[in-house]
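Close look at the chain arrangement
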Amino acid sequence: MKILDAEITASALPFGGLIDQMEELFANGLTSPDRHHHTMPMQEEPDATLLLMPAWTETLGCVKVVTATPGNSARKLPAIAGSVLVFDRTTGEHLALLDGAVLTARRTAAASALGARHLAREDAQNLLVIGAGKVAAQLPDAFRAVRPIKTVRIWDVFPAAAERLADTLKEAGWDAQAVPDLETAVPQADIISAATLATEPLLKGDWLIPGQHVDLIGAFTPAMREADDRALQRAHLFVDTKFAAIEAGELKTPLETGAIAQTDILGDLYALTQGKTGRNSAQDITLFKSVGNAVMDLAGAITATRKLEEDQCLNLP
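My aim in this report is to walk through the structure given alongside it, one point at a time. This is a predicted model, so every value here is computed, not measured.

Glancing now at the pattern of salt bridges. What the rule picks out here adds up to 15 salt bridges. We note a salt bridge from R117 to E23, for which the minimum N-O separation is 2.8 Å. A residue pair is termed long-range when its members are at least 10 positions apart, and R117 in helix α4 (residues 100-119) and E23 in helix α2 (residues 15-27) qualify at 94 residues. For E247, the salt bridge identified is with R35, shortest N-O distance 3.0 Å.

Okay, structure coming up:
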């Protein structure tokens, strides 16, 4: 079994191939079991959580194992650790162990790009990233795989973080710049992608203009929000999977208050990739909300193992 570190895992997940593989799985209707949550009691600190996310095709499968240990903050260690085990479906042989943090960040950005492939205007050139973390850093390259992105503007609640990410992107050849005022930056963007841990809305619907595409990544619990009710009401709403309306405060709370209705959610990645729904006109404001699932992890596992096979690093069946 090959054990791949963060650098090798990243190199095995080029966005073009990853997005195409993800599209193929969703277009073919592949589903995965629900995420398994197990609470692990701890002494004198918050309980830890074990998450298991399996998915498989007829030939290849994977399971992502994630541990969330809040008490690690006192130990000055990361709270989240994860790995993705890839296995042969015919024999059950374990083929590779991928870096879970890298795979998750890249497949999350790839899912956003897949949504944009079907929802953003084809001439979208200006990207605004809200947030400056690990997923945010992946977004420019991911969106450029599906749209002709030329400029990247970054806003973060911590301006220094936005500056650091902008500098990193500049070194990679991007026209990138940190922006101090989110309200001013929003109307200048074609695609707005938020990847934050916000618990109160950062993006206001009144700032949006016709033709924009909004991508919301960060709010993955019922207590989190990145956009206000007005943004949801003005936009044509789409999700990665139907689970997003249950798990994400972005949709769960407005649905409970009546700010939006279930019928306002026009489709998911299955419907989008199968051509059943999408952008209707250049003037639409579209909004894509993702929370992630194991099918996306499997797309990463397939992409990585095939890339490694091409590079003669791994023998696959």
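To continue, consider the pairing of strand β7 (residues 126-130). Both faces of the sheet carry side chains from a regular strand, because those side chains alternate between them. Within β7, 4 of the 5 residues are buried, leaving the element largely enclosed by the surrounding structure. In terms of strand pairing, β7 meets strand β8 (residues 151-155) through 5 bridges, oriented parallel. Counted as the bridge partner of L128 is R153 from β8. In this fold, β7 hands off to helix α5 (residues 134-144), which returns the chain to β8; that crossover is right-handed. Looking at chain direction, β7 and strand β10 (residues 191-194) are connected through 4 bridges and run parallel. What sits directly across from L128, in β10, is I192.

Strand order in the open sheet made by the 6 strands is β1-β6-β5-β4-β3-β2, with mixed pairing throughout. This sheet does not close on itself; its edge strands, each paired only once, are β1 (2-3) and β2 (36-40). Note: strand β3 (residues 48-56) against strand β4 (residues 60-68), 8 bridges, orientation antiparallel. Opposite L51, over in β4, you have V66 as the bridge partner.

Next up on the list: the sheet that holds strand β13 (residues 286-289). Spatially, 7 strands are ordered β9-β8-β7-β10-β11-β13-β12 in an open sheet, and the strand pairing comes out parallel. At either margin of the open sheet sits one strand with a lone partner, and together these are β9 (175-178) and β12 (236-239). Shown here is a sheet whose adjacent strand axes are inclined to one another by a mean of 15°, direction ignored. Pairing of β10 with strand β11 (residues 213-216), which is carried by 4 bridges, proceeds in the parallel orientation. Following the sheet pairing, I191 is matched in β11 by H213.

Before going further, it helps to examine the packing of aromatic side chains. Overall, the coordinates contain 1 aromatic pair when judged by the stated rule. Seen in terms of ring centroids, F26 and Y270 are 4.9 Å apart; in terms of plane orientation they differ by 65°. Their pairing is edge-to-face. In this pair, F26 is assigned in helix α2 and Y270 in helix α11 (residues 269-273), connecting sequence segments 244 residues apart. Y270 gets classed as buried once you look at its relative accessible area, which sits at 16%. The ring of F15 carries the charged tip of R106 above its face, separated from the ring centre by 4.1 Å.

What follows is about the side chain of R147. Checked against the element boundaries, R147 lands in the loop between α5 and β8. Of the side chains bearing the opposite charge, E122 lies closest to the buried R147, which forms no salt bridge; the N-O distance is 5.3 Å. Of note is the side chain of R147, whose polar atom sits 3.4 Å from the backbone oxygen of A116. With near-sequence residues (within four places) excluded, R147 lies in contact with A116, R117, A120, R121, E122, A124 and I191.

Here E247 lies in helix α9 (residues 244-247). In this structure, the C-alpha to C-alpha distance between E247 and T221, residues 26 residues apart in sequence, is 5.5 Å. Beyond its immediate chain neighbours, meaning those up to four positions away, E247 contacts R35, F220, T221, P222 and V291. At 3.0 Å, the side chain of E247 forms a polar contact with the side chain of R35.

The next point concerns the nonpolar core. With 65 residues, the main nonpolar core has M22, F26, L98, V152 and I154 as its most contacted residues. Top contributing element to this core by residue count: helix α12 (residues 294-310), with 9 residues. In this view, L98 contacts L4, T9, S83, V84, V86, L103, A301 and A304; residues no more than four positions away in its chain are not counted.

Further remarks concern the packing of α2 against α4. Packing of α2 against α4 leaves a shortest axis separation of 9 Å and a crossing angle of 70°. By the angle between their axes, α2 is roughly perpendicular relative to α4. The way α2 lies across α4 gives a crossing that is right-handed. Mapping the contact onto sequence places F15, L18, I19, D20, M22, E23 and F26 in α2 and R106, R107, A109, A110, A111, A113, L114, R117 and H118 in α4. A class-by-class count of the residues in the contact of α2 with α4 yields 10 nonpolar, 1 polar and 5 charged.

Analysis parameters
- Residues numbered from 1 in each chain as written.
- Predicted model: local features only at pLDDT ≥ 70, side-chain atom pairs only at ≥ 80, totals over all residues.
- Heavy atoms only, no water.
- Salt bridge = Lys/Arg side-chain N within 4 Å of Asp/Glu carboxyl O.
- Helix = DSSP H or I, 4+ residues; strand = E, 2+ residues; numbered from the N terminus.
- Buried < 20%, exposed > 50% of the residue type's maximum accessible area, 1.4 Å probe, protein only.
- Pairing = 2+ DSSP bridges.
- Right-handed = clockwise from strand over helix to strand, strands pointing away.
- Axes fitted to C-alpha atoms, helices over the stretch in contact; angles between N-to-C directions.
- Phe/Tyr/Trp six-rings, centres within 6.5 Å; stacked < 30°, edge-to-face > 60°.
- Lys NZ or Arg CZ within 6 Å of the ring centre and 35° of its normal.
- Lys, Arg positive; Asp, Glu negative; His and termini not counted.
- Polar contact = N/O pair within 3.5 Å; in protein donor to acceptor, adjacent residues only side chain to side chain.
- Contact = heavy atoms within 4.5 Å.
- Core = buried A, V, L, I, M, F, W, Y, C linked by side-chain atoms within 4.5 Å.
- Parallel < 35°, antiparallel > 145°, perpendicular 65-115°, else oblique.
- Left-handed = near helix turned anticlockwise from the far one by under 90°.
- Nonpolar A, V, L, I, M, F, W, Y, C, P; charged D, E, K, R; others polar.

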